[in-house]
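A look at the structure
Listed below, chain by chain, are the residues.
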Amino acid sequence: MENEMRALILNQVAKVKLVYISQVKASERILIRCSEDSHNIFRTLWDEGRIGLVEEFKVLFLNQANKVIGLFEVSTGGVTGTVADPRIILAAALEVLACSLILAHNHPSGNLKPSRSDEDLTRKIGLAAGLHDIKVLDHLILNDEGFFSFADQGLM
(Lines give C-alpha, C1' and ligand atoms only; values in the text may rest on other atoms or scores of the structure.)
Protein backbone atom coordinates (compact mmCIF):
# COMPACT_ATOMS: atom_id res chain seq x y z
CA MET A 1 0.00 0.00 0.00
CA GLU A 2 2.80 2.38 0.88
CA ASN A 3 4.52 1.93 -2.53
CA GLU A 4 1.22 2.42 -4.33
CA MET A 5 0.57 5.64 -2.43
CA ARG A 6 4.09 6.88 -3.18
CA ALA A 7 3.68 6.12 -6.91
CA LEU A 8 0.31 7.87 -6.94
CA ILE A 9 1.72 10.99 -5.28
CA LEU A 10 4.77 11.08 -7.55
CA ASN A 11 2.49 10.99 -10.60
CA GLN A 12 0.02 13.60 -9.37
CA VAL A 13 2.19 16.32 -7.83
CA ALA A 14 4.05 18.54 -10.26
CA LYS A 15 7.63 19.41 -9.41
CA VAL A 16 8.52 23.07 -9.36
CA LYS A 17 12.04 24.05 -10.38
CA LEU A 18 13.65 27.46 -10.17
CA VAL A 19 16.32 28.02 -12.81
CA TYR A 20 18.10 31.21 -13.80
CA ILE A 21 20.64 31.12 -16.58
CA SER A 22 22.37 34.34 -17.58
CA GLN A 23 24.51 34.79 -20.65
CA VAL A 24 26.17 37.82 -19.02
CA LYS A 25 28.95 37.42 -16.46
CA ALA A 26 28.36 39.25 -13.18
CA SER A 27 31.47 41.37 -13.76
CA GLU A 28 30.11 42.54 -17.14
CA ARG A 29 26.67 43.66 -15.97
CA ILE A 30 25.77 47.33 -16.37
CA LEU A 31 25.67 49.44 -13.20
CA ILE A 32 22.74 51.82 -12.68
CA ARG A 33 23.75 54.98 -10.79
CA CYS A 34 21.02 57.42 -11.85
CA SER A 35 17.92 57.84 -13.99
CA GLU A 36 20.03 58.79 -17.00
CA ASP A 37 21.77 55.38 -16.83
CA SER A 38 18.47 53.50 -16.85
CA HIS A 39 17.08 55.80 -19.55
CA ASN A 40 20.08 55.03 -21.78
CA ILE A 41 19.46 51.29 -21.42
CA PHE A 42 15.73 51.54 -22.08
CA ARG A 43 16.30 53.88 -25.03
CA THR A 44 18.89 51.54 -26.56
CA LEU A 45 16.65 48.48 -26.19
CA TRP A 46 13.36 50.19 -27.15
CA ASP A 47 12.21 49.86 -30.74
CA GLU A 48 12.42 53.51 -31.83
CA GLY A 49 9.85 52.85 -34.56
CA ARG A 50 7.24 52.01 -31.92
CA ILE A 51 7.92 54.64 -29.25
CA GLY A 52 5.53 57.12 -30.89
CA LEU A 53 3.15 54.45 -32.17
CA VAL A 54 1.97 52.15 -29.35
CA GLU A 55 2.34 52.13 -25.58
CA GLU A 56 4.69 49.50 -24.14
CA PHE A 57 5.67 48.64 -20.56
CA LYS A 58 9.10 47.27 -19.65
CA VAL A 59 11.06 46.56 -16.48
CA LEU A 60 14.76 46.41 -15.65
CA PHE A 61 15.63 43.95 -12.90
CA LEU A 62 18.68 44.73 -10.76
CA ASN A 63 20.78 42.77 -8.29
CA GLN A 64 21.93 43.95 -4.84
CA ALA A 65 24.78 45.98 -6.42
CA ASN A 66 22.34 47.83 -8.76
CA LYS A 67 23.68 45.93 -11.75
CA VAL A 68 21.24 44.94 -14.48
CA ILE A 69 20.10 41.32 -14.39
CA GLY A 70 17.84 41.74 -17.40
CA LEU A 71 15.04 43.49 -19.23
CA PHE A 72 11.47 42.19 -19.08
CA GLU A 73 9.00 43.29 -21.75
CA VAL A 74 5.73 43.25 -19.84
CA SER A 75 3.19 44.34 -22.43
CA THR A 76 2.35 46.12 -25.66
CA GLY A 77 -0.94 47.93 -25.99
CA GLY A 78 -2.52 50.46 -28.26
CA VAL A 79 -2.16 54.16 -28.86
CA THR A 80 -3.66 55.18 -25.51
CA GLY A 81 -2.61 52.48 -23.07
CA THR A 82 -1.26 49.08 -22.14
CA VAL A 83 -1.78 46.66 -19.25
CA ALA A 84 0.98 46.21 -16.70
CA ASP A 85 -0.13 43.44 -14.35
CA PRO A 86 1.77 43.72 -11.03
CA ARG A 87 1.50 39.94 -10.50
CA ILE A 88 3.35 39.23 -13.75
CA ILE A 89 6.02 41.83 -12.96
CA LEU A 90 6.56 40.44 -9.46
CA ALA A 91 6.56 36.83 -10.65
CA ALA A 92 9.37 37.68 -13.08
CA ALA A 93 11.25 39.68 -10.42
CA LEU A 94 11.06 36.79 -7.98
CA GLU A 95 12.12 34.30 -10.64
CA VAL A 96 15.40 36.15 -11.30
CA LEU A 97 15.85 37.02 -7.60
CA ALA A 98 15.84 40.75 -8.31
CA CYS A 99 16.63 43.04 -5.38
CA SER A 100 15.23 46.09 -7.13
CA LEU A 101 13.55 47.14 -10.33
CA ILE A 102 12.97 50.11 -12.58
CA LEU A 103 9.68 50.49 -14.41
CA ALA A 104 9.32 52.19 -17.78
CA HIS A 105 6.64 52.86 -20.33
CA ASN A 106 6.22 55.23 -23.21
CA HIS A 107 3.54 57.77 -24.06
CA PRO A 108 2.93 57.73 -27.83
CA SER A 109 1.20 61.11 -27.44
CA GLY A 110 4.58 62.63 -26.55
CA ASN A 111 3.29 63.91 -23.20
CA LEU A 112 5.80 63.11 -20.46
CA LYS A 113 3.49 64.04 -17.58
CA PRO A 114 2.44 60.96 -15.57
CA SER A 115 -1.27 60.24 -15.47
CA ARG A 116 -3.12 59.45 -12.26
CA SER A 117 -3.18 55.78 -13.32
CA ASP A 118 0.62 55.89 -13.87
CA GLU A 119 1.04 57.18 -10.31
CA ASP A 120 -1.40 54.62 -8.89
CA LEU A 121 0.28 51.72 -10.71
CA THR A 122 3.73 52.82 -9.51
CA ARG A 123 2.49 52.97 -5.92
CA LYS A 124 0.72 49.59 -6.23
CA ILE A 125 3.80 47.82 -7.65
CA GLY A 126 6.00 49.49 -5.03
CA LEU A 127 3.81 48.26 -2.18
CA ALA A 128 3.58 44.72 -3.56
CA ALA A 129 7.31 44.53 -4.31
CA GLY A 130 8.13 45.85 -0.84
CA LEU A 131 6.39 42.84 0.70
CA HIS A 132 9.10 40.73 -0.95
CA ASP A 133 11.98 43.08 -0.03
CA ILE A 134 12.22 44.30 -3.63
CA LYS A 135 12.64 48.04 -4.13
CA VAL A 136 11.08 49.99 -6.98
CA LEU A 137 13.82 52.54 -7.62
CA ASP A 138 12.19 54.53 -10.42
CA HIS A 139 9.50 54.68 -13.05
CA LEU A 140 10.41 56.33 -16.34
CA ILE A 141 8.03 57.67 -18.95
CA LEU A 142 9.62 57.94 -22.39
CA ASN A 143 8.75 59.69 -25.59
CA ASP A 144 10.75 60.22 -28.77
CA GLU A 145 12.45 63.32 -27.34
CA GLY A 146 13.22 62.54 -23.70
CA PHE A 147 12.01 61.05 -20.45
CA PHE A 148 10.37 61.75 -17.09
CA SER A 149 11.72 60.13 -13.92
CA PHE A 150 9.44 59.61 -10.92
CA ALA A 151 12.52 59.39 -8.67
CA ASP A 152 14.07 62.61 -9.97
CA GLN A 153 10.78 64.40 -9.33
CA GLY A 154 10.48 63.07 -5.75
CA LEU A 155 7.52 60.81 -6.59
CA MET A 156 9.08 57.56 -5.36
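This report concerns the structure included in the present document. Here the structure is a predicted model, which means the values were calculated and not measured. (Residues numbered from 1 in each chain as written. Predicted model: local features only at pLDDT ≥ 70, side-chain atom pairs only at ≥ 80, totals over all residues. Heavy atoms only, no water.)

**Examining the nonpolar core**
Side chains that are nonpolar tend, in soluble globular proteins, to be buried together. By size, the foremost hydrophobic cluster in this structure holds 19 residues, and its most contacted members are Phe57, Val59, Phe61, Ile89, Leu101 and Leu103. Secondary-structure elements contributing two or more residues to this core are β1 (56-62), β2 (68-76), α3 (86-95), β3 (100-106) and α4 (116-130). If we skip the residues at most four places from it in the chain, Leu101 touches Val59, Leu60, Phe61, Ile89, Ala93, Ile134, Lys135, Val136, Leu137 and Asp138. Ranked by size, the runner-up nonpolar core spans 12 residues in total, among them Leu60, Leu62, Ile102 and Leu140. (Core = buried A, V, L, I, M, F, W, Y, C linked by side-chain atoms within 4.5 Å. Buried < 20%, exposed > 50% of the residue type's maximum accessible area, 1.4 Å probe, protein only. Helix = DSSP H or I, 4+ residues; strand = E, 2+ residues; numbered from the N terminus. Contact = heavy atoms within 4.5 Å.)

**Section: the sheet that holds β1**
Taken in spatial order, the five strands of this open sheet run β2-β1-β3-β4-β5, and their pairing is mixed. Each edge of the sheet is formed by a strand with only one pairing partner; in this case those strands are β2 and β5 (147-149). Within this sheet the neighbouring strands show an average axis-to-axis angle of 20°, counted without direction. Seen against the sheet, α4 touches β1, β3 and β4 (135-142) and runs at an angle of roughly 160° to β4. (Pairing = 2+ DSSP bridges. Axes fitted to C-alpha atoms, helices over the stretch in contact; angles between N-to-C directions.)

**Points about the pattern of salt bridges**
One pass over the structure, following the stated rule, counts seven salt bridges. Glu73 is the salt-bridge partner of Lys58, the closest N and O atoms lying 3.7 Å from each other. Taken as a pair, Lys58 in strand β1 and Glu73 in strand β2 lie far apart in primary sequence, 15 residues in all. Classification of Lys58 as buried rests on a relative accessible area of 4%. With a relative accessible area of 53%, Glu73 lands in the exposed category. A salt bridge links Glu119 to Arg116, with the shortest nitrogen-to-oxygen separation between them at 3.6 Å. Linking Glu119 with Arg116, this pair stays in helix α4, spanning three residues, or about one helical turn. What you see here is one network of salt bridges that share partners, running through Arg116, Glu119, Asp120 and Arg123. (Salt bridge = Lys/Arg side-chain N within 4 Å of Asp/Glu carboxyl O.)

**Description of the pairing of β1**
In terms of residue burial, β1 counts as a mostly covered element, since seven of its seven residues are buried. Residues Glu56, Lys58, Leu60 and Leu62 point to one face of β1 and Phe57, Val59 and Phe61 to the other, with burial holding for every one of them. When β1 meets β2, the two strands line up antiparallel, connected through seven bridges. The residue of β2 that forms the bridge with Leu60 is Leu71. The antiparallel pairing of β1 with β2 creates a hairpin that spans five residues between the two strands, and Asn66 there sits at a positive phi of about 60°. The pairing of β1 with β3 spans six bridges and is antiparallel. Residue pairing across strands places Lys58 opposite Ala104, the latter belonging to β3.

**A short note on the side chain of His39**
As for its placement among the helices and strands, His39 is situated in helix α2 (residues 35-45). Apart from residues no more than four positions distant in its own chain, His39 is found in contact with Leu140, Leu142, Gly146 and Phe147.

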